[in-house]
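Chain and residue survey
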Amino acid sequence: MAIFGFGRRSTPNSSKHIVPPELWDDPENAAFFARIGAKPDDPGNLRVSHADVARMIEEGRKAVDARIRQVRTKAMAEGHDNLNVRALSLLHDDCWNGEAGDFLIYHLGLNPYDEWNTMLVAGDVRTASILDMPFCTEEILQHLARTGLPLILGLRDKLRAAHDEVQRTHEFGRFQDIYDDTVVKVKRVAQLFGTGLVETYQAWRQRQADGRSAPR
């Protein structure tokens, strides 16, 4: 459950809970929380600390490294070495720093190293041809940098407006739906970028098959 509260990271309250568990002791509050399905230790009611984020990021980074090792190990077994495989963040690094990063990581609880945001790509044409894997050019990186951040900030602003509205209406169930939908939309943005990268690669492969030279 997502309990109200933009800016969880900077809140000076040292308690790990956004809404104090003591509020559940009041029968009226308890009845309300029961109606919206809220419990004191729900993930959405726990503040995200720097330590939480550092742990999440490190676990995600290790998972990505394991995926790369698996691809390289399989290729080595098939007689291919010196392959250039890397992980591409479909939401550009700009989206994971500054205010956008605070929104994605601290408010939505998303990890930049999760599979929905990391695509394994080839760093050169040779690797792409051997592994049948999309490769990433500087042009693609620039496109991701230009387009990702405005989309994420737009979703942030819409959720912030919904958060302000729920303070007036107390329609917390509706806010939860908007929150969940925002997470889905963020991941959909990454999915669209990934689909575009695959389609670009497939078009290049088709040109190769037609005897045309690879793009620079």
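Residues numbered from 1 in each chain as written. Predicted model: local features only at pLDDT ≥ 70, side-chain atom pairs only at ≥ 80, totals over all residues. Heavy atoms only, no water.

**Thoughts on the side chain of Thr118**
Rules: Numbering of helices and strands starts at the N terminus; helices are DSSP runs of H or I of at least 4 residues and strands are runs of E of at least 2. Contacts described as polar in this section are N or O atom pairs within 3.5 Å, which, within protein, must combine one atom able to donate a hydrogen with one able to accept it, while residues neighboring in sequence count only if both atoms come from side chains. We call two residues contacting when some pair of their heavy atoms lies within 4.5 Å.
Assignment of secondary structure puts Thr118 in strand S2 (residues 118-122). At a separation of 3.0 Å, a polar atom in the side chain of Thr118 contacts the main-chain carbonyl oxygen of Asp114. With sequence-adjacent residues up to four places away left out, Thr118 is seen in contact with Val64, Arg67, Leu88, Pro112 and Tyr113.

**Concerning the environment of Ala87**
Worth spelling out the cut-off: Only protein chains enter the accessibility calculation, which uses a 1.4 Å probe; a residue is then buried when its area is under 20% of its type maximum, exposed when over 50%, and partly exposed in between.
If you trace the backbone, Ala87 turns up in strand S1 (residues 85-89). Using a relative accessible area of 27% as the deciding quantity, one classes Ala87 as partly exposed. Taking the C-alpha atoms as reference points, Ala87 and Gly123, separated by 36 residues in sequence, lie 9.5 Å from one another. Among residues more than four places away in sequence, those in contact with Ala87 are Val64, Ile68, Met119 and Leu120.

**A word on the confidence of the model for the protein chain**
Rule in force here: Per residue, pLDDT captures the predictor's confidence, and it can take any value from 0 to 100.
Summarising the model, the protein chain shows a mean pLDDT of 82, and 78% of its residues fall at 70 or more. When pLDDT is averaged over each helix and strand of the protein chain, the minimum, 70, is found for helix H1 (residues 27-35) and the maximum, 95, for S2. Predicted confidence is poor over residues 1-14, with pLDDT under 50, and the contacts of this stretch with residues over four places away or in other chains come to 41 contacts.

**Re the packing of helix H3 (residues 98-107) against helix H5 (residues 138-169)**
Packed helices, taken two at a time, are described by the angle their axes make and the gap between the axes. Quick note on the threshold: Every axis in this analysis is a line fitted to C-alpha atoms, fitted for helices over the stretch in contact. Angles between the N-to-C directions lie between 0 and 180 degrees. Note that the term roughly parallel is reserved for angles under 35 degrees, roughly antiparallel for angles over 145, roughly perpendicular for angles of 65 to 115, and oblique for everything else. Each crossing is labelled by how the near helix is turned from the far one, with a counterclockwise turn of less than a right angle marking it left-handed and a clockwise turn marking it right-handed. For this classification, the nonpolar set comprises Ala, Val, Leu, Ile, Met, Phe, Trp, Tyr, Cys and Pro, the charged set comprises Asp, Glu, Lys and Arg, and every other residue, Gly included, is treated as polar.
Interaxial distance between H3 and H5 falls to 10 Å at its minimum, and their mutual angle equals 60°. On the basis of the axis angle, H3 is oblique to H5. The element H3 and its partner H5 pack so that their crossing is left-handed. Contacts between H3 and H5 involve Glu99, Ala100, Phe103, Leu104 and His107 from the first element and Leu149, Ile152, Leu153, Leu155, Arg156 and Leu159 from the second. When grouped by side-chain class, the residues that make up the contact of H3 with H5 number eight nonpolar, one polar and two charged.

**Here we look at H5**
What counts here: Take the number of residues in a helix, subtract one, and multiply by 1.5 Å to get its expected span.
If you check H5, its first and last C-alpha atoms are 47 Å apart, about what 32 residues at 1.5 Å a residue would give, namely 46 Å. Three or more residues of H5 are buried, namely Ile140, Leu144, Gly148, Ile152, Leu153, Leu155, Arg156, Leu159, Ala162, His163 and Val166.

**As for the pattern of salt bridges**
For the record, the criterion: Salt bridge criterion: a side-chain nitrogen from Lys or Arg within 4 Å of a carboxyl oxygen from Asp or Glu.
Applying the stated criterion across every chain, the model contains seven salt bridges. A salt bridge links Arg61 to Glu58; the nearest nitrogen and oxygen atoms lie 2.9 Å apart. Of this pair, Arg61 and Glu58 are both found in helix H2 (residues 50-77), three residues apart, which corresponds to roughly one turn of the helix. Arg156 serves as the salt-bridge partner of Glu99, at 3.1 Å between the closest nitrogen and oxygen. Taken together, the residues span a long stretch of sequence, with Glu99 in helix H3 and Arg156 in helix H5 at a distance of 57 residues.

**Overview of the pairing of S2**
Filter applied, for reference: Think of it this way: DSSP has to see at least two bridges between two strands before they count as a pair.
Counted residue by residue, S2 has five buried out of five residues, so it is predominantly covered. Alternating residues of S2 divide into Thr118, Leu120 and Ala122 and Met119 and Val121, and every residue in both groups is buried. Looking at chain direction, S1 and S2 are connected through five bridges and run antiparallel. Counterpart to Val85 in the pairing with S2 is Ala122.

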